[in-house]
Amino acid sequence: MDTSAQNQPIVVERLFRASPERIWQALTDLDQMKKWYFKLDAFKPEPGFEFQFRSGTSDGTQFLHLCKITKVVPCKMLAYTWQYQGVPGLSEVSFELFAEGTGTRVVISHSGTDSFVSAGPDFALASFTKGWTYILNISLATYLSES
Amino acid sequence: MMRRDVFQAIADPTRRAIINLVALKRQNLNAVAEQFDISRPAISRHIKILQECGLLVIKQQGRERYCEARLQNLREVALFTEQFRAFWTDKLDALETYLDQDEHS
């Protein structure tokens, strides 16, 4: 029975005016990750390395993200599992880098997000979206205006 | 109290299969049940849950009972997935901003 419609990964991509080496740094260097991604306590681009970070909403709801690195090909590919503490489901995120002209195409694939659907709309449509909006619009904007 | 929503409906592979089966064309209830190796009562339970979740209706026509899909409610699930797309798109924006900033500093 075909249920593939629910199992397709989400894919987003963009061409950057930067070398694969430069992008790789931004994806894997702890200090650089803090500036655009998430604030982690530790990060090492090594298979099996586990890391976690909290992100949440302005009203204090927090989701602890749990990740474990599954694949590392320097300057080419980074993949890790992506889960939420206390929420059933398991997904995986990969970042692929392709040299293109003088730039680099970054392709992000997130598979298994449908495994979170059993967590229901409370998880999905309320707190979670608010969390992202907060992180992206408020935290990042604050960081950029201060730096 | 058990929650009945579209997320619960599609959390189960048999229920997803039932939706796929009736999505394009309504099906006789018996014909649906015959497609699966599990018991009639088990199929009935799945169909009942799908009805309660608003993804399926049963229509009586003469002596036959038909399953019809009501897929509008699946939009909620599509929206759920779209959130992740929006999230990663925003992250690409943030990366771009960071790289530009870094280049000029």
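Not measured: the values here are computed from a predicted model. (Residues numbered from 1 in each chain as written. Chains lettered and ligands numbered in written order. Predicted model: local features only at pLDDT ≥ 70, side-chain atom pairs only at ≥ 80, totals over all residues.)

Chemist: Let's hear about the overall build of chain B: which residues, and what values?
Modeler: The number of helices and strands found in chain B is five helices and three strands. In sequence order, chain B lays out its α and β elements as α-α-β-α-α-β-β-α. Per-residue burial for chain B yields a buried fraction of 26% across its 105 residues. Here the contacts in chain B between residues at least 6 apart in sequence split such that 59% fall between residues at least 24 apart. (Helix = DSSP H or I, 4+ residues; strand = E, 2+ residues; numbered from the N terminus. Buried ≥ 20, exposed ≤ 12 C-beta atoms within 10 Å, placed from the backbone. Contact = placed C-beta atoms within 7 Å.)

Chemist: Tell me what's going on with the confidence of the model for chain A, and back it up with residues and numbers.
Modeler: Residues and elements named next belong to chain A. In this model, chain A carries an average pLDDT of 78, and 69% of its residues clear a pLDDT of 70 or more. When mean pLDDT is compared element by element in chain A, strand β4 (residues 77-84) scores highest at 95, while helix α3 (residues 120-146) scores lowest at 46. Across residues 1-6, confidence stays below pLDDT 50; counting only partners more than four residues off in sequence or on other chains, it has ten contacts. Under a pLDDT of 50 for its full length, residues 124-141 has, in the predicted model, 24 contacts with residues more than four places off or in other chains. (pLDDT = per-residue confidence, 0-100.)

Chemist: Break down the packing of helix α2 (residues 13-23) of chain B against helix α4 (residues 40-52) of chain B for me, with residues and values.
Modeler: Between two packed helices, both the angle of their axes relative to each other and the distance between the axes serve to describe the pair. Residue and element names in this part refer to chain B. The contact between α2 and α4 brings their axes to 10 Å, and the two run at 70°. Taken together, the axis directions place α2 and α4 in an arrangement best described as roughly perpendicular. On α4, the residues touching Thr-14, Arg-15, Ile-18 and Ile-19 of α2 are His-46, Ile-47, Ile-49 and Leu-50. Residues that form the contact of α2 with α4 fall into these classes: five nonpolar, two polar and one charged. (Axes fitted to C-alpha atoms, helices over the stretch in contact; angles between N-to-C directions. Parallel < 35°, antiparallel > 145°, perpendicular 65-115°, else oblique. Nonpolar A, V, L, I, M, F, W, Y, C, P; charged D, E, K, R; others polar.)

Chemist: Describe unusual backbone geometry, listing the residues and the values that go with them.
Modeler: Keep in mind that most residues, glycine aside, have a negative phi and that most peptide bonds are trans. All names here are of chain A. Located in the positive-phi region is Cys-75, a residue other than glycine, with phi close to 65°. Position of Cys-75 among the secondary structure elements: in the loop between β3 (62-73) and β4. Exposure remark for Cys-75: the 17 C-beta atoms within 10 Å place this residue in the partly exposed category.

Chemist: Go over the sheet that holds strand β3 (residues 64-69) of chain B with me, naming the residues and quoting the values.
Modeler: Adjacent strands of a sheet form backbone hydrogen bonds with each other and so pair up, either parallel or antiparallel. All names here are of chain B. Taken in spatial order, the three strands of this open sheet run β1-β3-β2, and their pairing is antiparallel. Either end of the sheet is taken by a strand with one partner, and the two such strands are β1 (27-28) and β2 (56-61). Bridge analysis of β2 against β3 gives six bridges, and the strand direction is antiparallel. Bridge assignment links Lys-59 to a residue of β3, and that residue is Tyr-66. α2 contacts β1, β2 and β3 of the sheet and is inclined by roughly 100° relative to β3. Along the sheet face, α4 touches β2 and β3 and points at about 110° away from the line of β2. (Pairing = 2+ DSSP bridges.)

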